[in-house]
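Chain by chain, the residues run as shown.
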Amino acid sequence: MNVNSKITLSVVNFFRKYGKVILIVFAIWLAVFLFNRYLKNKPKELKATSSYNPNNPIMDEGRDVPKKEIENVNNTIDKYFNYCNAKEYESAFDMLTNDCKNCTFNNSIDEFKQYIDEIYASSKIYHIQNYSNTKNIYIYDITILDDIVATGTTGDYQTYKEKISVHNLDSGIKLSVLGYVGKTTLGREAEDDNMKIKVLHKNVSYSMEEYTIEIRNKIDRYILLSDDIGGDQITLNLGNQFRRALNTTNNSIFIYPGQTKTVKLLFTKYFDDGVIPEEINFNNVRILSKLSSDITNEDILKSYSFNVKIK
């Protein structure tokens, strides 16, 4: 027997003896190979993900509601909403800050009822989203929607949205609604030979500041602080910019001889912009010889500017 015949016979004998084992091993390898190819080419399942966190602020990343207060804050908002939804007016009204009760609703439960009835005409649900957090006051957007499960509404869904602020007071957590934030007593004043102006306090909403000022005319002439043209006659000095008074157009501010008058001045100012107002500027004070609906230059005895520091 030559060498080639011996090799061929050895191979045949080997496969006769181990052929089944080799087939089994090959079959297993092939199965593993095909399975791995399947997994590699299989479309990945899309998992629903959401970054929604009602207590992460939209405007102030990193300035979150403290973790130890989150549950209490959320429970307070939920409790207030449920009172409103159930038309438990007195209980809901009692959860507001005193400043909110006085400034927003004139401390009137009837005005608060009207506000609730307009929003909660039917059963509602709500969503909240922390908007910003400043000076330990937490601003939330609250969106109130029709509860379609309870009402069976199939169209014309009603949605209402406003900003509420959460205050952690000594008496517990209280809320301010309708965008109102709070009241700050100022007690700043300035005086010259003609008049004395006191800036008593300001009511702050999320996007506005309303200053209550008292003006005393010390002379026997008329004083005009702003005519009905409005414009830049009265401004709020924010240091790097000035904001016009919003409510002086078509609303002249005259002070009669010897008169003390209280007026309110409204300016655009966002609660969380980090800017502290410095002054109220009266940029065109005019001392008049007489009161007239058509003031001429001859009627103006003196014209000057007058500032009251409020910082």
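Look up: the structure comes first, before these words.
The shown structure was predicted, so the numbers you read here are calculated from the model rather than taken from an experiment. (Residues numbered from 1 in each chain as written. Predicted model: local features only at pLDDT ≥ 70, side-chain atom pairs only at ≥ 80, totals over all residues. Heavy atoms only, no water.)

Some points on the state of the cysteines
As used here, a disulfide is simply a covalent bond connecting the sulfur atoms of two cysteines.
Piece 1. In this structure the tally under the stated criterion is zero disulfides.
Piece 2. For cysteine 100, which is in no disulfide, the shortest distance to another cysteine sulfur is to cysteine 103 and amounts to 7.9 Å.
Piece 3. The class for cysteine 100 is buried, based on a relative accessible area of 0%. (Disulfide = S-S within 2.5 Å. Buried < 20%, exposed > 50% of the residue type's maximum accessible area, 1.4 Å probe, protein only.)

Topic: the sheet that holds strand 12 (residues 260-268)
Piece 1. Here four strands make up an open sheet; going across it, the order is 5-6-7-12 and the pairing antiparallel. Unpaired on one side and paired on the other, strand 5 (180-191) and strand 12 mark the two borders of the sheet. Neighbour-to-neighbour, the strand axes of the sheet open up by a mean angle of 20°, direction not taken into account.
Piece 2. Where strand 5 meets strand 6 (residues 195-205), nine bridges bridge the pair, whose relative direction is antiparallel. In the strand pairing of strand 6, threonine 184 is matched with lysine 202.
Piece 3. Together, strand 5 and strand 6 form the strand contacts of helix 4 (residues 98-105), whose direction differs from that of strand 5 by roughly 80°. (Pairing = 2+ DSSP bridges. Helix = DSSP H or I, 4+ residues; strand = E, 2+ residues; numbered from the N terminus. Axes fitted to C-alpha atoms, helices over the stretch in contact; angles between N-to-C directions. Contact = heavy atoms within 4.5 Å.)

Considerations on the pattern of salt bridges
Piece 1. Taken as a whole and judged by the stated rule, the model has 13 salt bridges.
Piece 2. Close ionic contact of glutamate 189 with lysine 196 constitutes a salt bridge, the shortest N to O distance being 3.3 Å.
Piece 3. Residue classification places glutamate 189 among the partly exposed positions, given a relative accessible area of 45%.
Piece 4. Look at lysine 196 and you get buried, because its relative accessible area is 18%.
Piece 5. Salt-bridge contacts for aspartate 232 lead to arginine 244; the nearest nitrogen and oxygen are separated by 2.6 Å. One end of the pair, aspartate 232, is in the loop between strand 8 (222-226) and strand 9 (234-237); the other, arginine 244, is in strand 10 (residues 242-244), and 12 residues separate them in sequence. (Salt bridge = Lys/Arg side-chain N within 4 Å of Asp/Glu carboxyl O.)

Side note on the pairing of strand 4 (residues 172-176)
Here is the key point about a regular strand: its side chains alternate between the two faces of the sheet.
Piece 1. In terms of burial, strand 4 is a largely internal element, four of the five residues being buried.
Piece 2. Here five bridges tie strand 3 (residues 159-169) to strand 4, and the two strands are oriented antiparallel to one another. Bridging across to strand 4, serine 165 finds its partner in serine 176.
Piece 3. Once strand 3 ends, the chain turns through two residues before running back antiparallel as strand 4.

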